[in-house]
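Overview (structure and organization)
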Amino acid sequence: MRLRHADGSTVHLGYCTNVHPAEDTAGILAQLDTYALPVREALGTDLLGLGLWLAAPVAAELAADPAARRRLRAELTHRGLEVVTLNGFPYAAFQAPVVKGAVYHPDWTTGQRLRYTLDLARILADLLPDDAARGSVSTLPLAWRQPWDAAHAEAARRRLDALTAGLAEVERDTGRPVRVGFEPEPGCVVESSGQAAALLADLDPDRLGICLDLAHLACAWEEPVAALARLRAAGLPVVKVQVSAALESADPVADAEALGRWVEPRFLHQTRTAGCAHAADPADPAYAADDLDAALAARLPGAWRVHYHVPLHAPPEPPLTSTQPVLRAALAALLGGPTAGCDHLDVETYTWGVLPAARRPGTDAELAVGIAAELAFARDELVTLGLTPADRAVSGRTPADRVVPGRTPADRVVPGRTPADRVVPGRFPADRAVPTTLGVPR
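Being a predicted model, the structure only gives us computed values, none of them experimental.

**What to know about the side chain of histidine 12**
- Along the chain, histidine 12 falls in strand E2 (residues 10–16).
- There is a polar contact of 3.4 Å between the side chain of histidine 12 and the side chain of glutamate 82.
- Not counting chain neighbours up to four residues away, the residues in contact with histidine 12 comprise Met1, Arg2, Glu82, Val84, Asp343, His344 and Leu345.

In structure tokens:
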């Protein structure tokens, strides 16, 4: 989806496809038919943005084959889908039964990570809409924090220099600028805005910057305005925002049983207390644990924020909450002023498949409904800040058929569904039946 900022710039909003597992072109297109097309239809827009995830093997194939890139772009255009950003953080197998720390490999000390990222930049240059100002690729924040020493830092520096040169070459060859954003994440070498400013401040801002994940920002217990000021002072542009919310508990001792229902085997769920924001090392075990089960065992003192992306529109059941207030504050700081602070926004809830069983989508249609509700939530937040939708409505559909800015999720109507089927605040798709009319439109 596209929105217009008061400064006249186009702000792109989409959803990240790393929630889906396919790692070959045919599988990716089939997933878009299963999920993205129903999402676009539910939102009543003729154009849906995607933060496309391409695993390294398919990225290498596409980067080596200009005709394959043209075919992919044609397939996307045919479906009313557009891509201005790629997620280059997971290298492969992101929806495997167990991912955990494997998602941080290969890291920026390796040539593999460099080749993968430049492959993505070359692909994106050919996928970009003709009127897009630029493309963006998000990537991991150098590496997991252990092991990390001067030799690792030097190896990473060489890769980043080569990345800068490679991105310049892509622009020379295609005329399309693509920027790479390093995504601070709990447990990594760059976890906080302060670490980003210290370690990444001398990068070329025309090519490299920050991907700001709002759940990660919340887990670092950072105040959005101060964090953004810190990045600006370091000359680090926010090239992409991942619109996400984390799990929160005000009283983890009392909430231990509820938190235990969120322990799962696929992803790491780094947990932080408020003290991490002022610690010399935000991963200090006095304030931090590398997974939720470890935090429960350690009984970390104080309120917790857990790196567990929860659906934006449906906070967890009490006593747990989400970091939705941080999300709203960050969007206001970035886009509520006279100038847009970022023009690429991606809803990134990759955890739908591992949510507690009672809240997990049970069918493909239920997942599509949930993704559409998240995008509607994000769009409505941006409209509240003064942005205006710039997409055309789907021909032949009335306003009542569409998700309407300024209306609560309970008011939203999905085509072919009765009021009883509407998205209800605080409920996940798994809590309700989804009619078969949300099948793939042809």
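**Points about the packing of aromatic side chains**
- According to the stated counting rule, one finds nine aromatic pairs in the structure shown.
- When the ring of phenylalanine 89 is compared with that of tyrosine 104, the centres are 6.0 Å apart and the planes differ by 65°; the resulting orientation is edge-to-face. Of this pair, phenylalanine 89 sits in the loop between strand E4 (81–87) and helix H4 (111–127) while tyrosine 104 sits in the loop between E4 and H4; the two residues are 15 residues apart in sequence, bridging distant segments of the chain.
- Using a relative accessible area of 5% as the deciding quantity, one classes phenylalanine 89 as buried.
- On the basis of relative accessible area, tyrosine 104 is assigned to the buried category, the value being 2%.

**As for the environment of alanine 274**
- With respect to the helices and strands, alanine 274 occurs in the loop between strand E10 (271–273) and strand E11 (288–289).
- Expressed as a C-alpha distance, the spacing of alanine 274 and glycine 302, which sit 28 residues apart in the sequence, is 7.3 Å.
- Those residues in contact with alanine 274 that sit more than four places away from it in its chain are Trp221 and Ala303.

**Observations regarding helix H1 (residues 25–43)**
- In this model H1 runs 25 Å from its N-terminal to its C-terminal C-alpha over 19 residues, within 8% of the 27 Å that 1.5 Å per residue would give.
- Most pronounced at aspartate 33, the bend in H1 amounts to some 40°.
- With its phi angle positive at about 70°, glycine 44 sits one or two positions after the end of H1.

**Examining H4**
- Taking 1.5 Å of rise per residue, 17 residues should cover 24 Å, and H4 covers 24 Å from first to last C-alpha, within 8% of that figure.
- For H4, the set of buried residues is Gly111, Arg113, Leu114, Tyr116, Thr117, Leu120, Ala121, Ile123, Leu124, Ala125 and Leu127.

**Quick look at the nonpolar core**
- Formed by 124 residues in total, the largest nonpolar core has its most connected members in Tyr15, Leu50, Leu200 and Leu375.
- In terms of residue count, helix H12 (residues 364–384) provides more of this core than any other element does, nine residues in total.
- Beyond its immediate stretch of four places on either side in the chain, leucine 375 contacts Met1, Leu13, Gly14, Tyr15, Val39, Leu43, Leu48 and Val347.

**Focus: the environment of alanine 376**
- Tracing the sequence through the fold places alanine 376 in helix H12.
- Residue classification places alanine 376 among the buried residues on the basis of a relative accessible area of 1%.
- For the pair alanine 376 and histidine 313, spaced 63 residues apart in the sequence, the C-alpha separation amounts to 8.5 Å.

**Side note on unusual backbone geometry**
- Following histidine 105, the chain continues to proline 106 via a peptide bond in cis, the omega torsion being -10°.
- Within the fold, proline 106 resides in the loop between E4 and H4.
- Omega for the bond connecting glutamine 146 with proline 147 falls within 30 degrees of zero, at -5°, which places this linkage in the cis form.
- Counting through the fold element by element, proline 147 comes out in the loop between strand E5 (135–139) and helix H5 (150–174).
- In this model, alanine 93 sits at a positive phi of 55°, which is unusual for a non-glycine residue.
- With respect to the helices and strands, alanine 93 occurs in the loop between E4 and H4.
- A residue is classified by how much of its surface remains accessible, and alanine 93, at 38% relative accessible area, is partly exposed.
- With a phi angle near 80°, leucine 142 is a residue other than glycine that sits in the positive phi range.
- Relative to the assigned elements, leucine 142 resides in the loop between E5 and H5.

**Focus: the pairing of strand E8 (residues 238–243)**
- Buried residues dominate E8, accounting for six of its six residues.
- In this structure, E8 lies alongside strand E14 (residues 344–347), joined through three bridges in parallel fashion. Counterpart to glutamine 242 in the pairing with E14 is aspartate 346.

**With respect to the pattern of salt bridges**
- Counted according to the given criterion, the structure contains 21 salt bridges.
- One salt bridge connects aspartate 346 with lysine 240, and the closest N-O pair in it is separated by 3.8 Å. Of this pair, aspartate 346 sits in strand E14 while lysine 240 sits in strand E8; the two residues are 106 residues apart in sequence, bridging distant segments of the chain.
- Exposure remark for aspartate 346: the relative accessible area of 0% places this residue in the buried category.
- On the basis of relative accessible area, lysine 240 is assigned to the buried category, the value being 0%.
- Notably, a salt bridge pairs arginine 328 with glutamate 381, separated by 3.0 Å at the nearest N-O pair. A residue pair is termed long-range when its members are at least 10 positions apart, and arginine 328 in helix H11 (residues 324–335) and glutamate 381 in helix H12 qualify at 53 residues.
- Residues participating in the shared-partner salt-bridge network are Arg2, Glu82 and Asp131.

Rules used in this analysis
Residues numbered from 1 in each chain as written. Predicted model: local features only at pLDDT ≥ 70, side-chain atom pairs only at ≥ 80, totals over all residues. Heavy atoms only, no water. Helix = DSSP H or I, 4+ residues; strand = E, 2+ residues; numbered from the N terminus. Polar contact = N/O pair within 3.5 Å; in protein donor to acceptor, adjacent residues only side chain to side chain. Contact = heavy atoms within 4.5 Å. Phe/Tyr/Trp six-rings, centres within 6.5 Å; stacked < 30°, edge-to-face > 60°. Buried < 20%, exposed > 50% of the residue type's maximum accessible area, 1.4 Å probe, protein only. Expected span 1.5 Å × (residues − 1). Bend = angle between axes of the 7 residues up to and from the residue. Core = buried A, V, L, I, M, F, W, Y, C linked by side-chain atoms within 4.5 Å. Pairing = 2+ DSSP bridges. Salt bridge = Lys/Arg side-chain N within 4 Å of Asp/Glu carboxyl O.

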